[in-house]
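Per-entry structural report
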Amino acid sequence: MSAFYKIERALLDSVRALELPLDMEFPNMDLDSDAKGDAWAKVSILTAQTTVATLGSDGEDNNPGILQIDVNVLRGKGTKRMLDLIDTICTFYTAGKALQFGGETAKVTNASVSPLRYVDGYARRSVSITYYSRTFRS
């Protein structure tokens, strides 16, 4: 199993563990538009460029990225439900939290929230969870 798969799996499993009370769309697994209802979330993993952390053939690479969770509620329905969900997400993803799968660890460095915007009839705010993972070169 590749290290990148394990990192992604650690991130996605952590979102599933939240058990948010809404339908969720995951990478390469679209949510049917009929299933979106009055609230839903889209999960994306935005990988960044891998950099060298330590030198040598047995050194480590640093793999940073952002786990993004877009929280969507029907436009015109207020922000309480949205902000309650965002609070649950941000409370879970605290700085230093280790997300693990198959021997790989993604470490959370922070969680931030975007401004409100409107997309396809929904009000949306994105929670961006910054992480990094160190992998060994071999």
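In the block above lies the structure referred to throughout.
A brief report on the enclosed structure follows. (Residues numbered from 1 in each chain as written. Predicted model: local features only at pLDDT ≥ 70, side-chain atom pairs only at ≥ 80, totals over all residues. Heavy atoms only, no water.)

Tallying secondary structure elements over the chain gives two helices and eight strands in all. In the chain, the succession of α and β elements from N to C terminus is α-β-β-β-β-α-β-β-β-β. With the principal axes as the frame, the chain shows a C-alpha extent of 55 × 25 × 25 Å. When burial is assessed residue by residue, the chain has 39% of its 138 residues classed as buried. Counting only carbon and sulfur atoms, one obtains 50% of the accessible surface of the chain, whose full area is about 7700 Å². (Helix = DSSP H or I, 4+ residues; strand = E, 2+ residues; numbered from the N terminus. Buried < 20%, exposed > 50% of the residue type's maximum accessible area, 1.4 Å probe, protein only. Areas by Shrake-Rupley, 256 points an atom, 1.4 Å probe, with all protein chains shown as cover.)

The next subject is the side chain of Gln-68. Mapped onto the secondary structure, Gln-68 falls in strand β4 (residues 60-74). A polar atom in the side chain of Gln-68 sits 2.9 Å from the side chain of Asp-70. In this structure Gln-68 touches Lys-42, Val-43, Ser-44, Leu-46, Ser-126, Val-127 and Ser-128, once residues within four positions along its chain are discounted. (Polar contact = N/O pair within 3.5 Å; in protein donor to acceptor, adjacent residues only side chain to side chain. Contact = heavy atoms within 4.5 Å.)

Tracing the sequence through the fold places Val-119 in strand β7 (residues 117-119). With a relative accessible area of 21%, Val-119 lands in the partly exposed category. When the C-alpha atoms of Val-119 and Arg-75 are compared, they prove to be 8.9 Å apart, with 44 residues separating the residues in sequence.

Where strand β1 (residues 23-25) meets strand β2 (residues 39-47), three bridges bridge the pair, whose relative direction is parallel. Along β2, the bridge assignment pairs Glu-25 with Lys-42. Pairing of β2 with β4, which is carried by nine bridges, proceeds in the antiparallel orientation. Note that in β4 the partner of Ala-39 across the bridge is Val-73. (Pairing = 2+ DSSP bridges.)

One broad rule of soluble globular proteins: the nonpolar side chains tend to lie buried together. Leu-11, Val-15, Leu-67, Ile-69, Ile-89, Tyr-93 and Ile-129 are the most contacted members of the largest nonpolar core, which has 30 residues in total. For this core, the elements supplying multiple residues, two or more each, are α1 (3-18), β2, β4, α2 (80-92), β6 (104-113) and β8 (122-136). With six residues, α1 is the single largest residue contributor to this core. If near-sequence neighbours (up to four positions away) are discounted, Ile-129 is found in contact with Gly-65, Ile-66, Leu-67, Ile-69, Ile-89, Tyr-93, Val-108, Asn-110 and Ala-111. (Core = buried A, V, L, I, M, F, W, Y, C linked by side-chain atoms within 4.5 Å.)

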